[in-house]
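Listed below are the residues making up each chain.
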Amino acid sequence: MKINQKKTSWLFAILFFIVIIVGIWDASALIYGLQRGSLYALIALPLAMVLGIMDILNLAHGELLTVGLYASYVLFINFSIDPLISTLPVFIFLVILGGIIYFLTIKKVLGEGHLPQLLLTFGISIMLIELIKIYWTTRPRNVYRAYASSSITIGNFRIGSYEFLYVFLAFAVFLLLKLFLKKTRLGQAVYAVGQNPRGAEIVGINVDLVYLFIFCLSSGILGLTAGVMLPRVSIFPLTGNPFSLISFALVAMAGMGSINGILLAGITLGIAEAVIQAIPGYGGWSDLVFFGVLIAVIMAKNIQEA
Amino acid sequence: MKKIIFYLFFVIMAATLPYYAGGYLLHVSTTILIFMSLSLSWDMMLRTGQLSFGNAGFFGLGAYASLISVSNLDIHPVLSLFFAAVFAAGVALVVGFAVLRLRKIYFAITTLALALVFEVIVMNLSDLTGGSSGRVLPQAIFGGNSVLIYWLILFITIIVILISELLNKSKTHYAINSIRNDEITARSSGINVFKYLVFVFVFTSAIQGIIGGVYTQQYAFVMPESTFSLDFLLLPIAMALVGGIYTTMGPILGAIFLGLISEYLKLIMPYGHLFIYGLIIVIVILFLPEGIYKVARKKYRNRKSQEVKLDASSEGK
Amino acid sequence: MKKLSVVGIIFLLVVITLSLSFQIRADEDPIKIGAVNPLGDITGRQSTNAMELAVKELNEAGGLLGRPVELIVIDSELRPEKGASAIERLATSDEVDFFVGGMASSVHLAQIPTLKRYEKITVWIGAASHAIEEAVGPDEDWYFHLHPWDYQQGASYAYGWKDIEEKHPEVQIDSLFLAYEEGAFGTDSYESYQEYFESAQEGEGPYADLMEDFSGVSFVSAAHGGGDYRAMLRQAMNYDPDLFIWAGYDADAVPMLSQVREIGFSPPIYAGSPPGWPEDFGDSPLAENVVFFGMWAKSLNEVSPVAQHFWDEYIAMHDDEPVTYFAPLGYTNIHFLAKGVENAGTLEKEAVIESLREIEYDSPVGTTLKISPSRIISNQGFSEQKIIQWQDGVQEIIWPFDVATSEIIYPYEW
Amino acid sequence: MLEVNNLNVFYDKIQVIWELAMQVNKKEAVGIFGPNGSGKSTLIKAILGLVDSVEGEVLFRGQDLTKKKTYNIMRQGISLVPQNRELFPDMTVKENLKLGSAFISEARQSTDETLDFIYHIFPVLKKREEQLAGTLSGGQQRMLTVGRGLMAKPQLLILDEPSVGLQPSLVIELFQKLKEIKEKDVSILLAEQNVRQGLKIIDRGYVLENGRIVLEESAEDLLENEHIQKSYLGI
């Protein structure tokens, strides 16, 4: 786990360049990209933590988000709890669920290499999806909240305001996490385990506990995100699934375990995507740009002498 | 000698399957063989230490190459499979020079991203590929004769199995193993790591291309959403891991096991059978982390050595 | 060596037990209908439920030709090769007399070669892509397809809008904007609208006089990880169409409407053509006055006794409301087939095909089902869609007028 | 203070330590000498709970350590200076040192004092306080490892082959520092191949061969011992 990553600085440069160009051309694309990219980063962050600190490749990542969305939905339908308020109970619920999953499965494949983890979490993801299908069917569900379509108008410029919550939450979570890692003892333990679990054990850190904590916290962040997303999205058994891929993409782009990089990578890709979508007639190529940027960045950063 | 007779027995059993199994089992077997080849090709790449997620992409490229060569160039469907192989191998060669410089998760993600890029390109070249609604062939290969299709796929699978065995037995295998175990040492002992990686990447992609071609010829259509489906990536990986990686027998057993189990589960529980499927995968990883084949082999060897001990002790008396 | 023989024997045992177990006991008595549906999906699940209902009704009425009817359902898992396997199984192990089923085009495409091999009478309710028609070809008289093809649906709406324009002079449609999802479903729609537009410019085709201007922009469906429609919607707003149509999935419905409000877009007609609607969509204020194209709505119960009968019986049997039009279609599928057999008085293939072509079946989707040729195949069922509008949380049919339950509310406002 | 009785250790059913008994007394420096593969590292791992199959008794201040997890053992007043350093490469020298005491409740209060003490012994660490540990030279990393071990204010400091990979001049420097540390009343358990240097700081030593203790003598006696002279000192 690296906090003091210096390599991200040129990612900054790319982002800055894009922001200037796009800002002049189409400011709304910039804002949509920022909002969307923040959401990507927010969802990718827990994956990066689990991968960077525990070295666990979690393919069921998106499904944990799905579970969070359904949990928030259930609270709204049965107890009329507003999704934004339900972020807290859902956070706790996912922390507990994360703990259960950790004890039953993840704990047993720690340090076994990525392949068994990949398959294990693939199995878990199938199980979660099928459970949801059996109980809620594939029919999408929504929570209607008038505030989710709110907007602000500045002169002739009208822009959606709800999704700024993504931006806010992303930056808040990132800052809190960095503060936590730097300033608290548990944070230092996490930081140490991420760099060298053996060394951490030698200085008296309970590595198992740190792993449990990280897995629970990561699930919890997904729960938090789920509550904020719910008023804006449709939920169905495969809702979260595509986000696993996006998250892996961001983690690879940012460099394993780099926290700053995740936020930057998310926003860069978000803006790149929004820009293509805003060009009339070329929206269909936005995926290409998304993966093109991804491949280019990974190549540039990781080319090995061979 | 005994071994050869034994393998021959298997090949004959498999080749005569159409005479004693019904159409359903034949079709299930055909599907199993397709996934078996994909699984083996993925495992062969893994033996070099590189975790590739590009399977579905090269499978898709082969599928399109095969269909387009049949319908636009009017060549024989069987011949189109070579076209599929060459096309997939060619693309693999070009992209291989770039992506094979990456390692670990970066290589995995980039190959996956490439597969998705292929899909987007195919979707947008609609004049040639039919875009997102895909294209159909007037008829399946061999006029849809399922026995001939089965034999074709069996033939290809046997070749893939032989290649896999060859790769595990020949000199190349030392080079590949040493790359996997310690790349730096491999390089310092004079192995041209990059050359080997490109070599394996290209021919495994060619295999995936052929399989994509066969699949397309069997069902006579391509459609980006199903041709580039991640099923062609995840299921072969699952099969290799459940069976046991780095071996030839592993993916074979894994494909048979998972292929039959998923059909069987479906018959006994129409709703929610996939849940049990996921559960089986989880259980196998947790309790047989080395895969079925290696565990079975170990058990068998243990028993054998015990037998030897028993023999020795009885002799002593 | 021993190890290999053990493996060999196990393999042999597995093969033998499987080939035995996969062969169903020879019980020739019932007439067997084999269905392949995606049971994990709401459409497949409900259409299977409806098929079971129809079979139950048939058996309660004494069966077909004096024999009981048996429905054998296999999950397609929405995977092409699994869908094809299922057909093989139904044909060889279960030895069914007919094939029925529906949904995804990709799965059905993979089934066509197998279906062609067995040439049993097949009645299909899903898979609207014209690629299916191309794959089947013109000579297969045993193949019946009930769902309108994609191009038929598009033409059908044109007739609807023209009728509505005539009846309600305030409705004026000249320009049309299509928002389509990037997958097969949406892109197909876009391509067929593009074709209509080209012929309309030459004064031909169903959209002549209706589509003087046309534009379309794609979006990534929420079903595929998208869900941000604002770039697309802004382009639509700048275009300012008389008729805005989105071709996407049910998962797109609410988020798109919510973003329509966010950016302040208000076309005179806001129409969509999702395969279904989200749970409780009618209760959401967003639903008000949204128009959509579909085959069926609950309100048909007011005008069609068959629809009412289907509705009541479905709920009585499954304790669940039908929510997708694949439910009444599944019901139609079985009854249509049964009627053909009954009229033919035999299971003899040619006779049944003949009689199926003659049937006029009053179906719960409110339209009479009558076979007619489409572009390629000779046995096409429905060709018409309906224009439906959400009014006070209820889906009201506004066209065709003979089954209409309400008048159009125009313009769309929020 | 540390007492090992009847210790048997297995790797995958293969026994590597046999019936081992040893002890370290308060304020005593004890050496364990032996060739590569004799079981020195395994013994240390067994004491610290880093291997699974351990039979026998490991008592530290009367408590049995065999049932305890490594991190917990470390919190009892034992510190380890591992052979392969196990530093945190992306943290600064100071952060590395501070982690040494952060999780040991007795040591945490006096972090700053201990830090001063360590900077006093290893002035180079003070100089490179803000540098990332991964960028230090091999010798400096070794000093940092020892420093980190001391941060826990251990009653027993265990050093696993501290001289490995160091050039001779640095080895001499390191052992001088260890002597200083010893004077601070810290018990030391030192596993070493470099017997010559090791004998300079220990009070008593064991010789371990093939997983068994073959000799136990005071430092002076060991120096005189014929077997030691022949096999280890090359005299």
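Residues numbered from 1 in each chain as written. Chains lettered and ligands numbered in written order. Predicted model: local features only at pLDDT ≥ 70, side-chain atom pairs only at ≥ 80, totals over all residues. Heavy atoms only, no water.

Participant: Explain the overall build of chain D to me, please; I cannot follow it from the model alone.
Facilitator: The secondary structure content of chain D amounts to 11 helices and 10 strands. Computed over C-alpha atoms, the radius of gyration of chain D comes to 17 Å, within 12% of the 18 Å expected from 2.2 N^0.38 for 235 residues, which places it in the range of a compact globule. Across its three principal directions, the C-alpha atoms of chain D cover 45 × 40 × 30 Å. Taken across its 235 residues, chain D has 54% of its residues classed as buried. At a minimum sequence separation of 6, the contacts of chain D that also span at least 24 residues come to 67%. When the accessible area of chain D is evaluated, it comes to approximately 10,400 Å², of which 45% is carbon and sulfur surface. (Helix = DSSP H or I, 4+ residues; strand = E, 2+ residues; numbered from the N terminus. Rg over C-alpha atoms; globule rule 2.2 N^0.38 Å. Buried < 20%, exposed > 50% of the residue type's maximum accessible area, 1.4 Å probe, protein only. Contact = heavy atoms within 4.5 Å. Areas by Shrake-Rupley, 256 points an atom, 1.4 Å probe, with all protein chains shown as cover.)

Participant: Please explain the overall build of chain C as it appears in this structure.
Facilitator: Within chain C one finds 12 helices and 14 strands. A globule of 414 residues ought to have a C-alpha radius of gyration of about 22 Å, and chain C, at 23 Å, matches this closely. Oriented by its inertia axes, the alpha-carbon framework of chain C measures out at about 75 × 55 × 45 Å. Here the contacts in chain C between residues at least 6 apart in sequence split such that 68% fall between residues at least 24 apart. Carbon and sulfur atoms make up 49% of the accessible area of chain C, which amounts to about 13,900 Å² in all. For chain C, the distance from the average site of its 25 positive side-chain charges to the average site of its 67 negative ones is 11 Å. (Lys, Arg positive; Asp, Glu negative; His and termini not counted. Charge placed at Lys NZ, Arg CZ, Asp CG, Glu CD.)

Participant: Mind showing me how you'd approach empty space enclosed by the protein here?
Facilitator: To locate leftover empty space, one rolls a probe as large as a water molecule over the atoms. Applying the stated criterion to the full structure yields 9 cavities of 30 Å³ or more. If you trace the largest cavity, you find 16 residues lining it, with A:Val233, A:Phe243, C:Ala222, C:Gly226 and C:Gly227 closest to the centre. Among the residues making up the lining of the largest cavity, the classes are represented as 8 nonpolar, 5 polar and 3 charged. Reported here for the second largest cavity is a volume of approximately 120 Å³. (1 Å grid on protein atoms, 1.4 Å probe; cavity = no way out; pocket = protein on both sides within 12 Å on 5 of 7 lines; lining within 4 Å. Points joined across faces, edges and corners; volume = space filled by probe spheres on them. Nonpolar A, V, L, I, M, F, W, Y, C, P; charged D, E, K, R; others polar.)

Participant: How should the packing of helix α7 (residues 138-151) of chain D against helix α8 (residues 168-182) of chain D be read in this particular structure?
Facilitator: Packed helix pairs are characterised by how far apart their axes lie and by the angle those axes make with each other. Residues and elements named next belong to chain D. Put simply, α7 and α8 touch, their axes get as near as 11 Å, and they point 15° apart. Classed by the angle they form, the pair α7 and α8 counts as roughly parallel. In this structure, the crossing between α7 and α8 has a hand that is right-handed. Contacts between α7 and α8 involve Gly139, Arg142, Met143, Val146 and Leu150 on the former and, on the latter, Leu170, Glu173, Leu174, Leu178 and Ile181. Of the residues in the contact of α7 with α8, the class split is 7 nonpolar, 1 polar and 2 charged. (Axes fitted to C-alpha atoms, helices over the stretch in contact; angles between N-to-C directions. Parallel < 35°, antiparallel > 145°, perpendicular 65-115°, else oblique. Left-handed = near helix turned anticlockwise from the far one by under 90°.)

Participant: Please explain the interface of chain B and chain C as it appears in this structure.
Facilitator: By a frequent convention, interface size equals the accessible area lost on bringing the separate parts together. Facing 52 residues of chain B, the contacting portion of chain C comprises 50 residues. Summing the contributions of chain B and of chain C, the shared interface buries around 4,400 Å²; its carbon and sulfur component is 68%. Applying the counting rule to chain B against chain C returns 3 salt bridges. Here B:Glu263 and C:Lys82 are joined by a salt bridge, their closest N and O atoms 3.1 Å apart. Where chain B touches chain C, the interface holds 14 residue pairs in polar contact (both at pLDDT 80 or more). Across the side of chain B that touches chain C, the residue classes tally to 31 nonpolar, 13 polar and 8 charged. (Buried area = accessible area lost by both parts, 1.4 Å probe. Salt bridge = Lys/Arg side-chain N within 4 Å of Asp/Glu carboxyl O. Polar contact = N/O pair within 3.5 Å; in protein donor to acceptor, adjacent residues only side chain to side chain.)

Participant: Any chance you could explain the pattern of salt bridges here in plain terms?
Facilitator: Side chains that carry opposite charge are capable of pairing whenever their charged atoms lie near each other. All names here are of chain D. Here the structure, examined in full by the defined rule, presents 30 salt bridges over all chains. Among the salt bridges present, the one from Arg204 reaches Glu28, with a minimum N-O distance of 2.5 Å. Of this pair, Arg204 sits in strand β9 (residues 204-209) while Glu28 sits in the loop between β2 (14-24) and β3 (29-33), placing them 176 residues apart in sequence. Here the two residues Arg204 and Glu28 agree in accessibility, since each one is buried.

Participant: What's the story with the sheet that holds β9(D) in this structure? I'm lost.
Facilitator: Residues and elements named next belong to chain D. Pairing in this open sheet of 6 strands is mixed, and the strands run β6-β7-β8-β3-β9-β10 from one edge to the other. Each end of this open sheet is capped by a strand with a single partner; those strands are β6 (78-81) and β10 (212-218). Sheet twist, expressed as the mean angle between neighbouring strand axes with direction ignored, is 15°. Where β9 lies against β10, 6 bridges are found, and the strand directions are antiparallel. Pairing of Arg204 across the sheet is with Ser218, part of β10. (Pairing = 2+ DSSP bridges.)

Participant: Looking at this structure, how should I read the interface of chain A and chain D?
Facilitator: Counting residues at the interface gives 20 residues for chain A and 22 residues for chain D. Taken over both partners, the interface formed by chain A and chain D buries close to 2,000 Å², and the fraction arising from carbon and sulfur atoms is 58%. When the area that chain A buries against chain D is broken down by residue, the three leading residues are A:Arg185, A:Ile202 and A:Val203, summing to 31%. Our count for the chain A to chain D interface comes out at 2 salt bridges. A salt bridge links D:Glu95 to A:Lys182, with the nearest nitrogen and oxygen atoms 3.2 Å apart. Where chain A packs against chain D, one counts 7 residue pairs in polar contact (both at pLDDT 80 or more). A per-element tally of the side of chain A that touches chain D places helix α7 (residues 185-195) of chain A first, with 6 residues.

Participant: Explain the nonpolar core here, please?
Facilitator: Taken as a class, soluble globular proteins show a tendency for nonpolar side chains to be buried jointly. Counting 364 residues, the largest nonpolar core has A:Met54, C:Trp161, C:Tyr193, C:Tyr207, C:Met232, C:Phe244 and C:Phe336 as its most contacted members. Broken down by element, the residue count for this core peaks at 18 residues, all from helix α2 (residues 27-54) of chain A. Excluding residues that lie within four positions of it along the chain, C:Phe244 makes contacts with C:Phe177, C:Ala179, C:Met232, C:Leu233, C:Ala236, C:Met256, C:Phe265, C:Pro267, C:Ile269, C:Tyr270 and C:Ala271. Counting residues in each nonpolar core, the second largest holds 41 residues, with D:Ala29, D:Leu190, D:Ile201 and D:Leu222 among its members. (Core = buried A, V, L, I, M, F, W, Y, C linked by side-chain atoms within 4.5 Å.)

Participant: What's the story with the domain arrangement of chain C in this structure? I'm lost.
Facilitator: Residue and element names in this part refer to chain C. Once the domains are mapped, chain C shows domain 1 (26-149 + 302-385) and domain 2 (151-299 + 387-403). Taking only C-alpha atoms, the centre of domain 1 and the centre of domain 2 are 29 Å apart. Overall, the association of domain 1 and domain 2 removes approximately 2,200 Å² of surface from exposure, summing both partners, and the carbon and sulfur fraction of that is 57%. Of all residues in domain 1, Trp149, Tyr325 and Gln385 bury the most surface against domain 2, accounting for 33% of the area lost on that side. Linking domain 1 with domain 2 are 0 salt bridges. The tally of links from domain 1 across to domain 2 stands at 11 residue pairs in polar contact (both at pLDDT 80 or more). Elements supplying a minimum of two residues to the side of domain 1 that touches domain 2: α5 (130-136), α10 (305-318) and α11 (326-344). Taken together, the residues that form the side of domain 1 that touches domain 2 break down as 14 nonpolar, 9 polar and 4 charged. (Domains from an automatic or database assignment.)

Participant: Looking at this structure, how should I read helix α4 (residues 83-109) of chain A?
Facilitator: Since the α-helix packs 3.6 residues into each turn, any two residues three or four apart lie on the same face. The axis of α4(A) is deflected most strongly, by about 55°, at A:Tyr102. Structurally, the start of α4(A) carries an N-cap: the backbone nitrogen of A:Leu84 is 2.9 Å from a side-chain oxygen of A:Asp82. (Bend = angle between axes of the 7 residues up to and from the residue.)

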